[in-house]
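Topology and contacts: notes
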Amino acid sequence: MRRTIGCLLLTLLLASCNWSDRVSPGAFEWRARAMATRWQGSPIDQAWRGGFVPLAGLDVVPRWERIPAWAALSLHNGAWDLDSELPADSPARMPLHWPDGSVSEVPLITAATAYARLSKPADFIDEECPRKGCRRLRMTGVELGEAALATSRGTIRVPAWHFTAKGIKERFVVVAVDPLAATPRPRAAKGGREEVRAFDPMPGDPNELVVTYGYGSCDHVHGTRAYETDDVVVVDVDEEGTGGMCNLMLLLGRATVTLTRPLGDRVVLDSGSGLPVLRGRSVP
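We now turn to the structure provided with this report. Values in this document were obtained by computation on a predicted structure and should not be read as measured data. (Residues numbered from 1 in each chain as written. Predicted model: local features only at pLDDT ≥ 70, side-chain atom pairs only at ≥ 80, totals over all residues. Heavy atoms only, no water.)

**Quick notes on the overall build of the protein chain**
For the record, the criterion: The helix and strand labels rest on DSSP assignments: H or I over at least four residues marks a helix, E over at least two residues marks a strand, and numbering proceeds from the N terminus. Accessibility here uses a 1.4 Å probe with only protein chains present; expressed as a share of the type maximum, an area under 20% marks a residue as buried, one over 50% as exposed, and anything in between as partly exposed. Contact between two residues is taken to exist if any of their heavy atoms lie within 4.5 Å; hydrogens are not considered. Surface accessibility follows the Shrake-Rupley procedure with a 1.4 Å probe radius. Residue values consider only the protein chains on display as shielding.
The helix and strand inventory of the protein chain stands at five helices and 15 strands. A total of 284 residues make up the protein chain; the buried ones form 38% of that total. Residue pairs at least 24 apart in sequence account for 72% of intrachain contacts in the protein chain once pairs closer than 6 positions are excluded. By element, 54% of the accessible surface of the protein chain is carried by carbon and sulfur atoms, the whole surface being about 16,100 Å².

**Side note on the packing of aromatic side chains**
Stated precisely, the cut-off is as follows: Pairing of aromatic side chains requires ring centres within 6.5 Å, counting the rings of Phe and Tyr and the six-membered ring of Trp. Pairs whose planes differ by under 30 degrees are stacked, by over 60 edge-to-face, and all others tilted. Distance and angle both matter: a charge sits over a ring if NZ of Lys or CZ of Arg is within 6 Å of the ring centre and within 35 degrees of the ring normal.
Applying the stated criterion to the full structure yields five aromatic pairs. Taking the centre distance of 6.2 Å and the plane angle of 85° together, the rings of tryptophan 80 and tyrosine 115 count as edge-to-face. One end of the pair, tryptophan 80, is in strand β2 (residues 80–82); the other, tyrosine 115, is in helix α5 (residues 111–118), and 35 residues separate them in sequence. Here tryptophan 80 and tyrosine 115 have matching classes, each one buried. Arginine 135 extends its terminal NZ or CZ atom over the ring of tryptophan 70, reaching a point 4.1 Å from the ring centre. Over the aromatic face of tryptophan 98 sits the side chain of arginine 153, whose NZ or CZ is 3.9 Å from the ring centroid.

Set out below in structure tokens:
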């Protein structure tokens with residue numbers, strides 16, 4: 001049994017690098033053209049450019065360092081009691097103001113719906129409340145405010161319900177936008193491997209992008225390339241394994257991609273996964 005476990009761990013730590021991600025220029029162009037065709041004008045393309053696509057969902061993570069340990073456990077367990085009435089009236093819709101100056105309206109959820117989400121227990125609970133280290137959270141007030149949310153069109157302020165719990169300074173925030181108004185962030189195609197994770201324009205040269213990409217510690221990077229249309233730019237990092245045994249550690253590198261013209265408002269796609277690449281950041 002120990003020998004079996006040892007072999008399994010060794011397999012996890014050491015992976016064969018007898019593989020190659022290298023494709024010929026012609027094969028890359030064929031794949032990139034198909035990827036661009038699927039993306040351009042698709043529902044997710046339209047939502048990514050002009051809709052509401054939260055990059056990390058609609059959850060607002062509390063500042064845990066400002067919340068007592070017992071309260072974090074109680075929140076996880078959904079151990080809430082109402083010590084105040086929830087407002088019955090709230091706006092049905094509110095505007096979202098985008099960085100490009102445009103405005104769109106979205107429907108809102110009520111305070112009661114937001115409280116139901118806030119007080120819902122996590123899917124997996126270690127121990128029930130009340131027990132040692134866990135006590136009931138008492139909701140003493142709620143008001144409609146705002147919260148910052150990262151989206152495909154930049155970080156914006158969105159309507160949010162702010163809940164106050166007795167004895168806790170930090171407020172618990174639930175985004176007030178109806179989830180039906182949001183489009184989920186796209187996922188990689190089956191078998192796809194995310195390679196390019198972020199990009200930035202090269203200072204002083206509008207035709208060049210600096211991309212951040214992931215690679216294995218035994219991989220050899222040969223360079224970068226791009227396929228361009230009027231609407232998208234598909235970027236690729238040409239890498240291959242060196243052969244033999246290698247660990248599975250993921251490293252991050254940076255490289256330059258040269259375009260035939262400035263990027264403008266075109267969407268950058270990663271050729272490995274088909275996912276849109278974000279400017280200046282990598283979102284898990």
